[in-house]
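# Observations on the three-dimensional arrangement
Next come the chains, spelled out residue by residue.
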Amino acid sequence: MTPRERFRRLMKGESVDRLPVLALEPYESSALERWRREGLPADASPTDFLGMSRLTHVPVSFAPMPCFEARVLHEDETYVVDTTYLGATVRRRKDQPDMFYGHVDHPIKTRADWEQYKERLLAESPGRLPDNWHQEVVPRLRSSEHPVGVCLFPFFFRFCFYTLGMERFLSAFHEEPDLVRDIFSHLGQFFLEILRPVVSSVELDYVLFAEDLAGKNGPLISPKTYEDFWYPYQDPIVRLFHDHDVPLVCQWS
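In what follows, the accompanying structure is described. (Residues numbered from 1 in each chain as written. Predicted model: local features only at pLDDT ≥ 70, side-chain atom pairs only at ≥ 80, totals over all residues. Heavy atoms only, no water.)

Formed by 55 residues in total, the largest nonpolar core has its most connected members in Leu152, Phe184 and Trp230. Residues contacting phenylalanine 184, with those up to four places away along its chain left out, are Phe156, Cys160, Phe169, Phe173, Phe229, Trp230 and Tyr233. (Core = buried A, V, L, I, M, F, W, Y, C linked by side-chain atoms within 4.5 Å. Buried < 20%, exposed > 50% of the residue type's maximum accessible area, 1.4 Å probe, protein only. Contact = heavy atoms within 4.5 Å.)

Let us look at the side chain of serine 144. Secondary-structure assignment places serine 144 in the loop between helix H5 (133-142) and strand E6 (148-152). For serine 144, a relative accessible area of 14% translates into the label buried. Within the structure, the side chain of serine 144 is placed 2.9 Å from the backbone oxygen of histidine 146, a separation counted as a polar contact. With near-sequence residues (within four places) excluded, serine 144 lies in contact with Arg4 and Thr56. (Helix = DSSP H or I, 4+ residues; strand = E, 2+ residues; numbered from the N terminus. Polar contact = N/O pair within 3.5 Å; in protein donor to acceptor, adjacent residues only side chain to side chain.)

Below, the discussion takes up helix H4 (residues 111-118). The periodicity of an α-helix, 3.6 residues per turn, causes residues three or four positions apart to be oriented the same way. Residues of H4 that are buried include every one of Trp114, Tyr117 and Lys118, and no others. End-on view of H4: buried residues confined to an arc of 100°, all on one side of the axis. Lining the buried residues of H4 we find helix H6 (156-164) and helix H8 (177-201). (Arc of directions from axis to C-beta.)

Time to look at the environment of proline 197. Within the secondary structure layout, proline 197 lies in helix H8. The class for proline 197 is partly exposed, based on a relative accessible area of 32%. Put simply, proline 197 and arginine 4 are 193 residues apart on the chain and 22 Å apart in space, counted from C-alpha to C-alpha. Residues in contact with proline 197, not counting those within four places in the same chain, are Leu129 and Trp133.

Scanning all chains against the criterion turns up 19 salt bridges. For arginine 92, the salt bridge goes to aspartate 82, with nearest N and O atoms at 3.1 Å. Note that arginine 92 is positioned in strand E4 (residues 89-93) and aspartate 82 in strand E3 (residues 79-83), a separation of 10 residues in sequence. For arginine 92, a relative accessible area of 16% translates into the label buried. Through salt bridges with shared partners, a single ionic network connects Arg4, Arg8, Glu203 and Asp205. (Salt bridge = Lys/Arg side-chain N within 4 Å of Asp/Glu carboxyl O.)

Structural data, given as structure tokens:
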């Protein structure tokens, strides 16, 4: 049984020869440093060393194009303040460089900012799919022994959290609902246009909506807000996956 067959059977509730162990996110650099001190060989991947399964991600980009310039704005003994490819300003601890310890500033402060930002979110921008998509990438994905899928990152909530800031974004559902709908509408069409050639060329085993819309104390929005704001723009994307028989459409929060 290949890892791909095992994954599909497991997700359908069917019997498998063994349970796969998968890492959804990249390993934190600080964790890798510690594991190497504790015996992980310097040239070994944790996935290979531990005999874990792996996911094959379709190389598709939903990033702003052009991306925002990465710049270090401030640095001291403990923290670095820099800008991300999404245009946000974040603070990081030097001993945990992969983690954000607070968003300091955000690129979308006004409706005019959003109108300008839109120009970076065009599905037809070169580089959304690799230049060798049809010649090399599609055949490789079709023959993959590992589960093949797409991570939609950053999706609606996460995009707005990063670009508007959490407080302004959550307030906007009540104070600027037209702005939120316009952002979601644009993003929804943006994702659809990028994904159509993907699902037409490759058989996907899973799709992951990357949404940080909940915490340890519960969701940050109500079910009614999700129904009113997500469904009109997310449902066409879900239907696209269902129309192409993607067996697993799930949400990462």
